[in-house]
Amino acid sequence: MEGKEGSDADKDHENKEFFNNYRPGSSLEAVDAKIAELDAMFKKLCQSAGRALAHHLGEMPPAEPSSTSLLKHATVNDIAVHLKTCRNVIVLTGAGISTSAGIPDFRTPGTGLYDNVQSYLDKYNLPSAQKLFSYELFLKDPEPFYALARELKYPNENVRPTVAHHFIKLLSDKGVLLRNYTQNIDMLQSQTDQGPV
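Keep in mind that this is a model prediction, so the values were computed, not measured.

Student: Would you mind showing me how to read the side chain of Asn180 here?
Tutor: Mapped onto the elements of the fold, Asn180 is located in strand 2 (residues 177-182). Separated by 3.3 Å, the side chains of Asn180 and Thr93 make a polar contact.

Here's what the structure looks like:
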């Protein structure tokens, strides 16, 4: 058991070192591999958290513990108890934490950005909405993305941080937030002074 803990600590140290030392221009393969590894860990945590929320809302019974589960039970209380034992919490956030503030996500039919950027696709002769947000296009020609960003006008005084933003701020206030990695450009995390983003 102790060997496993040592290897987890080594992996945590390796992950921290990787991201502390990452610089633009580093090997994209190394970055992709690290992202895939973190994605797998994040999916495991999301599954546990999702089960806990569904159970809390009365939509399903508590999950049976498994050998791969991060928690013994998937309840909101168990997640809260587990967080009390954590010292270096990494949060990965995307558009979903800002939708309740009125900021559209990407994929929701009718209201998502992918359904509402046709004028940009026509203007810049782009084949799909996903292409407008692609890293490759941004490197080649960032203007389509910047044009959309100017129209979105974030941050602005009419949009306020959500419960999720305040939860991340609470983690920071408690001294357990190591980093919040976000792909959001709405700047709502800065309105709560979340700490390391």
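Student: Is there a simple way to think about helix 7 (residues 143-152) in this case?
Tutor: Every α-helix winds through 3.6 residues per turn, so residues three or four apart in the chain are directed the same way. Among the residues of helix 7, those classed as buried are Pro144, Ala147, Leu148 and Leu152. Seen along its axis, helix 7 keeps its buried residues to an arc of 140°; they face one direction. Following helix 7 by one or two positions, Lys153 adopts a phi angle in the positive range, close to 55°.

Student: Sorry, what's going on with the packing of aromatic side chains here?
Tutor: Each aromatic ring pair is summarised here by two numbers: the centre-to-centre distance and the angle between the ring planes. Evaluated as defined, the whole model comprises seven aromatic pairs. Ring plane angle 85° and centroid distance 5.8 Å describe the contact between Phe138 and Phe145, whose orientation is recorded as edge-to-face. For Phe138, a relative accessible area of 29% translates into the label partly exposed. Owing to a relative accessible area of 21%, Phe145 belongs among the partly exposed residues under this scheme. Here the aromatic cluster, defined as three or more aromatic residues joined through ring pairs, consists of Phe106, Tyr114, Phe133, Phe138, Phe145 and Tyr146.

Student: Is there a simple way to explain the pairing of strand 1 (residues 89-93) in this structure?
Tutor: Residues in a regular strand project their side chains so that they alternate between the two faces of the sheet. A one-sided burial pattern is seen for strand 1, the buried positions being Val89, Val91 and Thr93 and the unburied ones Ile90 and Leu92. Pairing geometry for strand 1 and strand 2, over five bridges, is parallel. In the sheet register, Val91 faces strand 2, and the bridge partner there is Asn180.

Student: In this structure, what is going on with the nonpolar core? I would like to understand it.
Tutor: Among soluble globular proteins, nonpolar side chains are generally buried collectively. In this structure, Leu113, Val117, Tyr120, Leu121, Tyr124, Leu126, Ala129, Leu132, Leu137, Ala147, Leu148 and Leu152 together form the largest nonpolar core, which totals twelve residues. Of all the secondary-structure elements, those providing two or more residues to this core are helix 4 (118-123), helix 5 (129-132) and helix 7. Among the elements that take part in this core, helix 7 stands out by supplying three residues, more than any other. If near-sequence neighbours (up to four positions away) are discounted, Ala147 is found in contact with Tyr120 and Tyr124. In this structure, Cys86, Val89, Ile97 and Leu177 belong to the second largest nonpolar core, which totals eight residues.

Student: Help me out: how do you make sense of the pattern of salt bridges in this one?
Tutor: Pairing between side chains becomes possible if they bear opposite charge and their charged atoms approach one another. Counted under the stated rule, the structure contains two salt bridges. Two residues, Arg150 and Glu143, come together in a salt bridge whose shortest N-O distance is 2.6 Å.

Student: Where do I start with helix 8 (residues 163-173) in this structure?
Tutor: For helix 8, the full list of buried residues reads His165, Ile168 and Leu171. Buried positions in helix 8, seen along its axis, are confined to an arc of 115° and lie on one side of it. In this structure, helix 8 carries Val163 and Asp173 as exposed residues pointing more than 90 degrees from its buried face. Those residues of helix 8 that are buried lie in contact with helix 3 (76-84), strand 1, strand 2 and helix 9 (188-191).

Student: Looking at this structure, how should I read a nonpolar patch on the surface?
Tutor: A contiguous nonpolar patch, built from Ile90, Leu92 and Tyr181 and spanning about 240 Å² of accessible area, is present on the exposed surface. Assessed through its relative accessible area of 43%, Ile90 is described here as partly exposed.

Student: When you look at unusual backbone geometry in this model, what are you seeing that I'm missing?
Tutor: Leaving glycine out, the prevailing phi sign among residues is negative, and the prevailing peptide bond configuration is trans. Non-glycine residue Asn125 carries a positive phi angle of around 55°. Mapped onto the elements of the fold, Asn125 is located in the loop between helix 4 and helix 5. We classify Asn125 as exposed; its relative accessible area is 70%. Here Met187, not a glycine, exhibits a phi torsion of approximately 65°, which is positive.

Thresholds applied
- Residues numbered from 1 in each chain as written.
- Predicted model: local features only at pLDDT ≥ 70, side-chain atom pairs only at ≥ 80, totals over all residues.
- Heavy atoms only, no water.
- Helix = DSSP H or I, 4+ residues; strand = E, 2+ residues; numbered from the N terminus.
- Polar contact = N/O pair within 3.5 Å; in protein donor to acceptor, adjacent residues only side chain to side chain.
- Buried < 20%, exposed > 50% of the residue type's maximum accessible area, 1.4 Å probe, protein only.
- Arc of directions from axis to C-beta.
- Phe/Tyr/Trp six-rings, centres within 6.5 Å; stacked < 30°, edge-to-face > 60°.
- Pairing = 2+ DSSP bridges.
- Core = buried A, V, L, I, M, F, W, Y, C linked by side-chain atoms within 4.5 Å.
- Contact = heavy atoms within 4.5 Å.
- Salt bridge = Lys/Arg side-chain N within 4 Å of Asp/Glu carboxyl O.
- Patch = residues over 30% accessible without salt bridge, like charges linked within 9 Å, V, L, I, M, F, W, Y side chains within 5 Å.
- Areas by Shrake-Rupley, 256 points an atom, 1.4 Å probe, with all protein chains shown as cover.

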